[in-house]
Structures are given as C-alpha cells and as structure tokens.
Amino acid sequence: MDKGLTPDAVASLLETASAYVDIAKLGWGTACVTPTLARKLDVYRGFGVPVCCGGTLAEIAITQGRLDDYRRWLTGHRFTHVEISDGTIDLPRERKLEHIELLARDFVVLSEVGSKVAGAVVDPGAWRQEISEELAAGSWKVITEARESGTAGLFGTGGEVRSDVIEEVVEGLPIDRLLFEAPQKAQQAWFIRRFGPDVNLGNIEPGELIPLETLRLGLRSDTLLDLLPTTP
Amino acid sequence: MDKGLTPDAVASLLETASAYVDIAKLGWGTACVTPTLARKLDVYRGFGVPVCCGGTLAEIAITQGRLDDYRRWLTGHRFTHVEISDGTIDLPRERKLEHIELLARDFVVLSEVGSKVAGAVVDPGAWRQEISEELAAGSWKVITEARESGTAGLFGTGGEVRSDVIEEVVEGLPIDRLLFEAPQKAQQAWFIRRFGPDVNLGNIEPGELIPLETLRLGLRSDTLLDLLPTTP
Amino acid sequence: MDKGLTPDAVASLLETASAYVDIAKLGWGTACVTPTLARKLDVYRGFGVPVCCGGTLAEIAITQGRLDDYRRWLTGHRFTHVEISDGTIDLPRERKLEHIELLARDFVVLSEVGSKVAGAVVDPGAWRQEISEELAAGSWKVITEARESGTAGLFGTGGEVRSDVIEEVVEGLPIDRLLFEAPQKAQQAWFIRRFGPDVNLGNIEPGELIPLETLRLGLRSDTLLDLLPTTP
C-alpha cells in the first residue's frame, strides 16, 4: 500500500524488500495528487513491481461517466493492472461485471468486493457468489475489502477476525485467486495459520513488508510455534 | 508536523508534497535536540515552506523568564513564524496577549488555545472569546489544541469530534483565521465536509499529506460522495 | 527498534539521532529476511551503534538445537551483542542460565524476561528473582518484555502502566542494569518521571527517537513540569 511514497522512498524500500511485493497499490486517488508520479512509476518498473491504482479512482470515473478517459489515462502512464470496486458507489452487479470484462481486454484486473462502511453486514453467500462471478468475468484476483485500517468487511469494527464469515465466504473458491486486505498483524497471522504462508494479503504498509515476511516464515512469535519445524 | 524528520527525509517529502504544506511545525521542543537543525531549515527554505517551532518552547522560555533569549534564538535561525501557547503552563490572559503583541512585531504569530489535558472541559464561549482577543492582539491564525494524538480539546479522549462544541466555538469567527489540529482521518473529513476543502488543518503527519489532499478533493471514499460532481 | 529499515533509512536516521541510540535491535527474525543486511550493519558500525538481533532468533535456534550455528552466524556478521529470551518457547530456567553463561564468553548478552502473551499474569517476585539470576549468569542488561506494541508484561492489554507490579519487580535491583521495553509515550513518560532521564528504554520506533529525547529533557508537555527548572 503506497499512499503517497516519494520516488526516493520507493527506491530505498524496494532495494530491500522487492522480493516480498507482488503488486504495489497506489491507494484510492493518491496517484492524482502525486506530482512525482511518472518518476515513481519508473522506479517501480525498474524493480519489476507492477502498480495498480485504488478502485476508488475507477468508482469516480464510473460516477462521472468517464471510464474511457480513465482507461486512456492508465494506458498513457503504462499501467498494466487496474482495480475496480464498488465500495463507495452504488453499482449494479451487471454493470460491474461488464466493466470487468471490458477492462480485462487491456489490463490485468483486480476487482474488489465489500463495502467500505465499518460494521456493514456481510452476507457470506452473496460475497461468495460475487467473487465467483467476477472471476468468471475476467478478474485475475478478487480483493476482499477491509479499508486501510482493517476495520470493515471480514473484520469487526475493532479489527477482530470474523472467522466464521471468512470460512463461509471462501467455501469452494480457489484461495490463490483471493486477495485478503489484512493490514493488522493479528489478521495477517490468522490468514497465514489458516491458509498457509503463501496466502495473498493486501493493504500492507511499506514498513510492514519485512515484518509480514517473518510471519510467513515463522520468524516471529505470532506464528513461530505453528510454522517452525522443530528438527533441523 | 515534523517531530524529528531528517534533512534527507524533508527533501524527499517536499519534492512530492510541498504544494500541500503551508507551514511546517517542529513539534514541541524537538528543534532543540535535532543536531541537523540548520541544514533541515535550509531544506524547508529551499522549498519556500515556512517553519515554526511548537508552542511548548515558548512556554518553557516564559516559565524561565527567558522569552527574549528565545526571540534571539529564533532570529538567529531565521525563523519567520512563532507559536505561543499555554497548554501546559498557567499563563494569565493579559500576559499571553502582551506576548502576542510583542512577538507580532518581529514574527508571524500563531497562538494556540486549549489545554493539553485529555478530557479537559472546554467552555466554548471562553474559547471563542480567547480566539477573538488573540486575533485582535496580532495573531495571524489561532490554533485549536488537540495534541499530536487528536484526543483533547475539540475531540473526546477517543478522538471523536465534539461537533456541538466546535459550532459554538467558531460562531461569528473568521474560519480562515482558525487552524484546527486534526491528526485523525475522521476528524479531517469532518472539518472538510463542514467548512469546505480549504479549511486549515494542523498536526498532519508527513505520511498523511497526500492522503489529506485526496480528502480535500473528494478522491477518497470518506468525502467522495460529498465533494465529487457527478457530471463531467 | 529496527524492524526492516533500509540501509539508506538507517544512514539518514543516525546522522540526526545517533546520539540518542545505545543499541539498535533488529526485531525478532527480521535480520534473516533483509537482503541488504550486510550493508545495513556497515552503516550502524560507521556510526558506532552496536546491533543486536531479537531474542526470537535465539529461541528458534534453541528449539532446533542449533544454538552453535546461530553463534557462528552472529560471529560471521560481526555482531558484538546477542539477546536471549524465552517469551515464546518453554525453556527451563537452568538451561537459559547456561546459555547466558556460554554466550557471555563471546558476546555482550542482553537477556529478556517475561511472556509475549498479552494479559499473562506477572509474578513480580519471580521476575525479580529471574532478573537477579540472569545478571549473575552474565547478562549485561536484562530486558522486561512488552512486545513491539507495549501491551504485555509490565503493561496491561491496553498499554496502561502496572506501576505496583513494576515497583515490586525492581525492588533492590540495579536500575541501570534493567532495560524496560516501553514503546508508548505515556509509558516512556512514566519511567522517566519515576527513574529519571537516564532510564534505559527499549522498543522505541525510529521516528520516536527525537520525541523520546524531548521527554527525557522536559521539552515536551508530558514531563515539562516534572523536569524543567523554573529559574534560568
């Protein structure tokens, strides 16, 4: 999660941690107010890390009837990935699926399910159905919304893991096609214990890339006893 | 809010975000324990961003009867702005107003109202009166105290916005002469929705400059539906 | 507390704040997943700041019966300090003391007491006894566990200071041989007020080095009235 990093900060970060980043996300509309955007994108490209703008930008473009302009802007900046979501605006299902299909012709599409409203009721069966449909429509991965704070969707307003909800949502779905937003350490540890070290996790702060990798490998207390072999 | 940034970090930050910073504040007494202060001030000056020390330094100088020494120190470092507050010490009203008048001869003065004590009772009428008097005495802007954490003054101990208190405090005052300390996102969004995108906000962490600008422009979920025009 | 800083970030940080750092700790197993480790260690050495890996690495080595391998790895990287703890694994007292004795032949040893489990019951007399034994076995300083978050051991699950527990733990012990993990500002202020400005504090985030120094000197509201002389 890059919510306004400078080009220098990205260069410094990736020199140490690029092996642990699959995709950089420029949170919500931050790309539009980053005067050094072009140079920052060059840095990401130099390290082979694909970059994706937050779904909020697509929601704005849809609201303004300017999705074509948005596609051109993305192409102009040589973005290879795009995210589409409906966490803030009302977007009919069929329209969202059409947008996914259309965008998938030119981009790797990440789509997001779930509301940004903290405490919103989650209907696990409906989420599962939406994820299936979006994968079928062309999404490469489907993201489960939790906000930058990790206090919505699959988590309670205090960040606690709603494990029963998660189990129902993922039932029968290919785990490697899901990307769970999980900014808090306890959330990350839960997903790693439940789905293994390779589970896709999102909304990771830059300074948490190295700590998260230690969780995945059992090099931190929270997962040590679960993951560490006891014999050499 | 610069609470100890290195000169390199300031240079990197401002290259990307200087357009979104009106004043940099070196929090409380951090300037005194920053060995690289002179070089950091040069960096700020190079980007045209004025710098101000926290009011705590003035409170210390007043407590020690050394306000003249403090003025000389500020002049020696070519500070153009100064903050005066009474959030920690007891300072009679008439003395504070005298200090504002005196400092305003040589500096752009920001004065601050309110206690640093979390949960302290706020008397809105008294705050409004104090703000009026300090503006009349020569303050360029008056800051409403909330601490680095955003848990005092106009906010409850959990950071919640005391909207009724705020409405009473600001009644009849020129909003552009007020600077609201509002470090938390929900607080920032509230002020932007209530007073518009140009409202003066303070105690913004360096990494939140870009996110705050997206809130001001409706490029983040929290203010998107309030600010975004729906037609191109 | 360095939980994955880049070499550039360390260089920038220490240029400003090296005078306020006695030891850098590479949190838990982060050293193992930092590809730029060797270069980072060079930067620390250049500023004369000794570096220590987190006790979790020793716990892993002990669990795997590979403490000798760990010692060789430390020596290979020219670490001069080592931490040993038992916050996650079960380690009989006599074994821990043996390890301290053995490691103290080649390294400056920091040992840690206390569990990483939040809310775990602390027996102050037992802690005091353990600290005494570990100092006698060769520990240079004994660390009181609080986790990166400051929500275990001497603190409640909300970070609140258990002052009665602390008083019992430290009774009769040499304060300068104790190192209190205290990542939160209110915790730091408490220790400074209680044990003076030179008290050893740990788990300090990089961005909190300058703020902590202001607390030690009475240059921030939280300790200003306690520490500041009122006459010049």
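Computed from a prediction, not measured in an experiment: that's the story for all the values here. (Residues numbered from 1 in each chain as written. Chains lettered and ligands numbered in written order. Predicted model: local features only at pLDDT ≥ 70, side-chain atom pairs only at ≥ 80, totals over all residues. Heavy atoms only, no water.)

Caption draft 1: Layout of the overall build of chain A. A tally of regular secondary structure across chain A gives 10 helices and seven strands. By its C-alpha atoms, chain A is 55 × 45 × 30 Å across when sized along the principal axes. Counting the 232 residues in chain A, one finds 59% classified as buried. Intrachain contacts of chain A at a sequence separation of at least 6 include 68% that bridge at least 24 residues. (Helix = DSSP H or I, 4+ residues; strand = E, 2+ residues; numbered from the N terminus. Buried < 20%, exposed > 50% of the residue type's maximum accessible area, 1.4 Å probe, protein only. Contact = heavy atoms within 4.5 Å.)

Caption draft 2: Region of the structure containing the interface of chain B and chain C. With 25 residues of chain B at the interface, the matching set in chain C holds 24 residues. Among the residues of chain B in contact with chain C, Trp28, Val33 and Gln64 of chain B are the three that bury the most area, contributing 27% of the side total. Where chain B meets chain C, there are four salt bridges. The closest approach of N and O atoms between lysine 3 of chain B and glutamate 208 of chain C, which form a salt bridge, is 2.3 Å. Linking chain B with chain C are 10 residue pairs in polar contact (both at pLDDT 80 or more). Secondary-structure elements contributing two or more residues to the side of chain B that touches chain C are α1 (7–17) and α3 (55–63) of chain B. When grouped by side-chain class, the residues that make up the side of chain B that touches chain C number eight nonpolar, 10 polar and seven charged. (Buried area = accessible area lost by both parts, 1.4 Å probe. Salt bridge = Lys/Arg side-chain N within 4 Å of Asp/Glu carboxyl O. Polar contact = N/O pair within 3.5 Å; in protein donor to acceptor, adjacent residues only side chain to side chain. Nonpolar A, V, L, I, M, F, W, Y, C, P; charged D, E, K, R; others polar.)

Caption draft 3: Structural view of the relation of the copies chain B and chain A. Expressed as a screw operation, the relation of chain B to chain A combines 0.0 Å of axial shift with a rotation of 120 degrees, fitting to an RMSD of 0.0 Å. Given the turn and translation reported, the copies of this chain are related as if by a three-fold rotation axis. For chain B, the minimum C-alpha distance to the rotation axis belongs to alanine 9 of chain B and amounts to 5.1 Å. (Least-squares fit on C-alpha atoms with pLDDT ≥ 70 in both.)

Caption draft 4: Just the pairing of strand β6 (residues 178–181) of chain C, in detail. Residues and elements named next belong to chain C. Neither face of β6 is left uncovered, since the one carrying Leu178 and Phe180 and the one carrying Leu179 and Glu181 both have all their residues buried. Where strand β5 (residues 141–144) lies against β6, three bridges are found, and the strand directions are parallel. Bridge pairing in β6 places isoleucine 143 opposite leucine 179. Handedness of the β-α-β unit built from β5, helix α7 (residues 163–170) and β6 comes out right-handed. As judged from the two bridges shared by β6 and strand β7 (residues 201–202), these two strands associate in the parallel manner. Each residue of the ladder has a partner; that of phenylalanine 180, found in β7, is leucine 201. Read as a crossover between parallel neighbours, the route from β6 over helix α8 (residues 185–195) to β7 is right-handed. (Pairing = 2+ DSSP bridges. Right-handed = clockwise from strand over helix to strand, strands pointing away.)

Caption draft 5: Structural context of the sheet that holds strand β3 (residues 81–84) of chain A. A sheet is described by the order of its strands in space; here five strands give the open sequence β3-β4-β5-β6-β7 (chain A), paired in parallel fashion. On the outer flanks of this sheet lie β3 and β7 (201–202) of chain A, each paired with one strand and no other.

Caption draft 6: Region of the structure containing the packing of helix α8 (residues 185–195) of chain A against helix α9 (residues 209–217) of chain A. All names here are of chain A. For the pair α8 and α9, the least separation of the axes is 9 Å and the interaxial angle reads 30 degrees. Here α8 and α9 pass one another in a crossing that is right-handed. Contacts between α8 and α9 involve Lys185, Gln188, Ala189 and Ile192 on the former and, on the latter, Leu212, Leu215 and Arg216. Tallied by class, residues from the contact of α8 with α9 come to four nonpolar, one polar and two charged. (Axes fitted to C-alpha atoms, helices over the stretch in contact; angles between N-to-C directions. Left-handed = near helix turned anticlockwise from the far one by under 90°.)

Caption draft 7: A look at the environment of glutamate 101 of chain A. All names here are of chain A. If you trace the backbone, glutamate 101 turns up in helix α5 (residues 93–103). The partly exposed category is assigned to glutamate 101, whose relative accessible area is 47%. Taking the C-alpha atoms as reference points, glutamate 101 and alanine 136, separated by 35 residues in sequence, lie 9.1 Å from one another.

Caption draft 8: View of the packing of aromatic side chains. This structure, assessed with the given rule, holds 24 aromatic pairs over all chains. The interplanar angle of 75 degrees and the centroid separation of 6.2 Å between the aromatic rings of tryptophan 190 of chain A and phenylalanine 195 of chain A together place this pair among those described as edge-to-face. Residue tryptophan 190 of chain A shares its accessibility class with phenylalanine 195 of chain A, and that shared class is buried. Grouped by ring-pair contacts, the aromatic residues Phe155, Phe180, Trp190, Phe191 and Phe195 of chain A constitute a single cluster. Across from the ring centre of tryptophan 28 of chain C, 3.5 Å away, lies the NZ or CZ of arginine 220 of chain A, which sits over that ring. (Phe/Tyr/Trp six-rings, centres within 6.5 Å; stacked < 30°, edge-to-face > 60°. Lys NZ or Arg CZ within 6 Å of the ring centre and 35° of its normal.)

Caption draft 9: Structural detail: the interface of chain B and chain A. Opposite the 24 residues of chain B that make contact, chain A presents 26 residues. Both sides together, the interface formed by chain B and chain A hides about 2100 Å², and carbon and sulfur atoms give 60% of it. Applying the counting rule to chain B against chain A returns four salt bridges. Of the charged contacts, one joins arginine 147 of chain A and aspartate 222 of chain B as a salt bridge, the two residues approaching to 3.1 Å between their closest N and O atoms. Our count for the contact surface shared by chain B and chain A stands at 10 residue pairs in polar contact (both at pLDDT 80 or more). Broken down by secondary-structure element, the contributors of at least two residues to the side of chain B that touches chain A are α1, α9 (209–217) and α10 (221–227) of chain B.

Caption draft 10: Up close: the pairing of strand β4 (residues 108–113) of chain B. Residue and element names in this part refer to chain B. Of all six residues that make up β4, five are buried, and the element is covered over most of its length. Where the polypeptide runs from strand β3 (residues 81–84) across helix α5 (residues 93–103) and back to β4, its parallel neighbour, the crossover connection is right-handed. Here four bridges tie β4 to strand β5 (residues 141–144), and the two strands are oriented parallel to one another. Bridged to valine 113 within β5 is threonine 144.

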